[in-house]
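Residue strings, one per chain:
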Amino acid sequence: MRYYDPEIKALSSLYDLLFSVADGFLDKDFEAYSKKQRQYIINNLITFSDENISLLSDEINEIIYPYPELSFDRLRETLKSANKKHIESMTARYDEWRTFAKRFDKLTEKALTRFIDDRLIYDSIITTDEKTGITYFYPDRTNSYRQTIHLLNPVFSDNFNPYIYENTDAEIDMLDNGYRLSFVQANEIITVDFSDVCLETQLLNYSTVTMWDGSPWRQISDSVTAIGYKKDILGMEFLNKKEKALWQMSEFSPIHSIDSGYHSVSGDKKADELFCDFAERNGNSHVAALTRQYSDTHLKEKGKARKTLIKELKKPESEGLARMILAEIKDAAAEYPTEVELDIAPEVLDESRKTVTDIMKQKGYGGEYPRFKKISSLKGIRLLEIQGQPAFVCNEKHMACMIDCCENSINFNTLGINYTVSTVFLKKDELHMYDSLDGYSGFFPYKHRRRARSLSANLDFRDDGKLTYDLEGLAIAAAKTAECEKLTKYERKNIASVGPGLYGCLFYGGLFLFMGLLFGLLMCPGIFLVCFVIGTPFAVFSSEVTFVEFVRFLIFDLPWLPMFLFCVVGFGLPMTIFTAFAKKRG
């Protein structure tokens, strides 16, 4: 390979490392750093030398290794030179790839350029069938489309291993009768000769992604992002008529903030108008008005307007709007085929789904896989557990429990199932809502009477390489979470991480009681001083009470014990109650 030099590549990585950890690396003398900074630089050099000793020559290793002496100037010049060579070789390699890409049509050229620019060091070259020699790699893969570049008539070198997927430093050469692709695989140089390339672009149904385990707003955010990404990379001609009416919503930043830490206030007026139109068609005039306000607000004030809008979008009144938008997205995506993601034996799928269904039926749930629900009457006062905290529910409410199953593949032979769990407390006049509720309904909270969360089990890879996945335990924990039942210690640790529970409440109660004691000990002397300052003038000038009698009265006759207990309970008890309410929010 003409551009592959492992030593230069390693030295360039060291250059980047020191540039990031040593402030002023290019201009600063070693003695100008503090003692702590110098030691930090030396530690990084030692670690780098130990990890890359097989790649470095003796001469280079002497320059890098800080003992018995570190020549910082020499080290700096060596790394600057190596980094320059590395950049030059990378640039030349990129130029050859771009020259190669220009031989094909514009779409293939764009895909090849993206591959070398963005994915070369991460992706893999895969043979799917050794008999036919079908070989391909992916320039780009998203939920909405997949681009595959097939190498025609591939001939691999003997040391190629089709089961090693990490390949780096690919170089392309023009041959008399085709092309040669060279790359590094497990520190070995591999070659594959091929006659031509063929680009396959597949459009996929992005609304059937099985890993979704959030609210409808999360699904909407992911879907419109997929549409917008497809439009940006492939072009508007790859969108169907319905998508062309939807893609602009990917520029509406508030929907990306609802279930994430994304806080951008940038956007597009057309996106704002599109979302406002959806709100008006849904009859949600309040959201439409807030959207207009957000759109018209000055950039400096947009953050506050965005928070107000998001707060409204999380309310139950906005559930219909979210479902309407999601329905139109799914309708647009339905024109494309569904990608088969679960490469799992049919018997494993059937058995796993039957196991979950049987557990739900035993727990009294109706419905069919993957959606289950039940309703229970809560007469009198009932003690439940919400988010790990005990909570009393009364007034004869009804508890609707909904569970949706989201499938994923684990190790290609195990069906993993995540659960979207919702609990909604209904009054008698709200029972008609039950039929329309599902696992997403709890993501629109109202006065702590709606709650939702997603559950997934921790994966335990044993020493023998096998996987321990508790399919039954996770299903049981999902049902118990939906019904606000107390979880076991195992379930709390491995499946549904929640608050500290009853013992945690006792801990907080004890902590606030102790703080109340300190508060009482401080308040009593404070009260004494206030009474002493206010009462002294009256005692001095009074003919009925002497100053000594007044002081004795303050010390011995005032009800100090009741006042002390009042301060302790008055501080500790409310703080404990407020903490319990805060902890039970789900």
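Residues numbered from 1 in each chain as written. Predicted model: local features only at pLDDT ≥ 70, side-chain atom pairs only at ≥ 80, totals over all residues. Heavy atoms only, no water.

## Notes on helix α13 (residues 346-362)
For α13, with 17 residues, the first-to-last C-alpha span of 24 Å sits near the 24 Å given by 1.5 Å per residue. Packing partners of the buried residues in α13 comprise β10 (371-378), β13 (397-410), β14 (414-426) and α14 (471-482). (Helix = DSSP H or I, 4+ residues; strand = E, 2+ residues; numbered from the N terminus. Expected span 1.5 Å × (residues − 1). Contact = heavy atoms within 4.5 Å.)

## Some details on helix α1 (residues 6-21)
A rise of 1.5 Å per residue sets the reference length of α1, with its 16 residues, at 22 Å; its end C-alpha atoms lie 23 Å apart and thus fit the reference within 8%. Where α1 is concerned, the buried positions are E7, I8, A10, L11, S12, L14, Y15 and L18. Where α1 begins, the capping side chain belongs to D5, and its oxygen is found 3.2 Å from the backbone nitrogen of E7. (Buried < 20%, exposed > 50% of the residue type's maximum accessible area, 1.4 Å probe, protein only. Polar contact = N/O pair within 3.5 Å; in protein donor to acceptor, adjacent residues only side chain to side chain.)

## Some details on the pattern of salt bridges
Counted under the stated rule, the structure contains 28 salt bridges. Note that K102 is salt-bridged to E109, the shortest N-O span being 3.5 Å. Overall, the relative accessible area of 57% leaves K102 in the exposed class. Between D193 and R180 there is a salt bridge; the shortest N-O distance is 2.6 Å. Of the two residues, D193 is situated in strand β7 (residues 188-194) and R180 in strand β6 (residues 178-185); the sequence distance between them amounts to 13 residues. Judged by relative accessible area, which is 31%, R180 ranks as partly exposed. One salt-bridge network, held together by shared partners, links E319, R323, D438 and R450. (Salt bridge = Lys/Arg side-chain N within 4 Å of Asp/Glu carboxyl O.)

## Some remarks on the packing of aromatic side chains
The tally for this structure, following the rule as stated, stands at 20 aromatic pairs. Note on Y15 and F25: the rings are 6.1 Å apart at their centroids and 75° apart in plane angle, and the pair reads as edge-to-face. Of the two residues, Y15 is situated in helix α1 and F25 in the loop between α1 and α2 (35-51); the sequence distance between them amounts to 10 residues. Note on Y15: relative accessible area 12%, which makes it buried. Assessed through its relative accessible area of 1%, F25 is described here as buried. Seen in terms of ring centroids, F156 and F160 are 4.0 Å apart; in terms of plane orientation they differ by 20°. Their pairing is stacked. Through pairs of rings, three or more aromatic residues link up here, namely Y15, F19, F25, F30, Y33 and F72. R281 extends its terminal NZ or CZ atom over the ring of F278, reaching a point 4.5 Å from the ring centre. (Phe/Tyr/Trp six-rings, centres within 6.5 Å; stacked < 30°, edge-to-face > 60°. Lys NZ or Arg CZ within 6 Å of the ring centre and 35° of its normal.)

## Considering the state of the cysteines
According to the stated counting rule, one finds zero disulfides in the structure shown. C401 supplies the cysteine sulfur nearest to C484, a cysteine that is in no disulfide, at a spacing of 6.7 Å. For C484, a relative accessible area of 3% puts it in the buried group. (Disulfide = S-S within 2.5 Å.)

## Focus on the pairing of strand β15 (residues 450-455)
A large share of β15 lies buried, amounting to five of its six residues. Pairing between β14 and β15: six bridges, direction antiparallel. Its bridge partner lying in β15, Y419 is registered against L455. (Pairing = 2+ DSSP bridges.)

## Overview of the nonpolar core
Among the nonpolar cores identified, the biggest contains 42 residues, and W217, I220, M249, F275, L321 and I325 are the most heavily contacted of them. Taken together, the elements giving at least two residues each to this core come down to α6 (216-233), α9 (269-281), α10 (285-296), α11 (302-313) and α12 (319-333). Examining the composition of this core, we find that eight residues originate from one element, α12, more than from any other. With residues near it in sequence (within four places) discarded, L321 still touches W217, F275, F278, A279, N282, V287 and L313. (Core = buried A, V, L, I, M, F, W, Y, C linked by side-chain atoms within 4.5 Å.)

## Section: the environment of D50
Following the sequence through the fold, D50 ends up in helix α2. We classify D50 as exposed; its relative accessible area is 52%. When the C-alpha positions of D50 and N61 are compared, they lie 9.8 Å apart, and in sequence the two are 11 residues distant.

## Focus on a nonpolar patch on the surface
A surface patch of nonpolar side chains, about 450 Å² in accessible area, is lined by F514, M515, L517, L518 and L521. By the element assignment, L521 lies in helix α16 (residues 501-541). L521 gets classed as exposed once you look at its relative accessible area, which sits at 52%. (Patch = residues over 30% accessible without salt bridge, like charges linked within 9 Å, V, L, I, M, F, W, Y side chains within 5 Å. Areas by Shrake-Rupley, 256 points an atom, 1.4 Å probe, with all protein chains shown as cover.)

## Some points on the sheet that holds β13
Neighbouring strands of a sheet are bound in pairs by backbone hydrogen bonds; such pairs are parallel or else antiparallel. Sheet architecture is open: five strands sit in the order β9-β10-β13-β14-β15, paired in antiparallel fashion. Edge positions in the open sheet fall to β9 (366-368) and β15, since each of these has one partner strand only. Put simply, the sheet's adjacent strands are angled 15° from each other on average, direction ignored. Those strands touched by α13 are β9, β10, β13 and β14, and its axis lies near 25° from that of β14. (Axes fitted to C-alpha atoms, helices over the stretch in contact; angles between N-to-C directions.)

## Looking at the confidence of the model for the protein chain
In regions of low pLDDT, the predicted coordinates are not meant to be interpreted in detail. Taken over all residues, the pLDDT of the protein chain has a mean of 83, while the share at 70 or more is 86%. Within the protein chain, strand β16 (residues 460-461) has the poorest average pLDDT of any element, 62, and helix α7 (residues 241-244) the best, 96. (pLDDT = per-residue confidence, 0-100.)

## Things to note about unusual backbone geometry
In terms of backbone geometry, most residues other than glycine have negative phi values and most peptide bonds are trans. Going from Y67 to P68, the amide bond is cis rather than trans, its omega being 5°. Examined against the element boundaries, P68 turns out to sit in the loop between α3 (58-64) and α4 (72-101). Across the junction of Y369 and P370, the peptide omega takes the value 15°, indicating a cis bond. Tracing the backbone through its elements, the reader meets P370 in the loop between β9 and β10. Of note in this structure, N153 is not a glycine but carries a positive phi near 55°. Even without glycine at this site, A186 takes up a positive phi of about 55°.

## Observations concerning the side chain of E491
With respect to the helices, strands and loops of the structure, E491 is situated in helix α15 (residues 489-494). A distance of 3.0 Å separates the side chain of E491 from the side chain of K480, its partner in a polar contact. In this structure the side chain of E491 is engaged in a polar contact, spanning 2.9 Å, whose partner is the backbone nitrogen of T488. With residues near it in sequence (within four places) discarded, E491 still touches I476, A477, K480 and A496.

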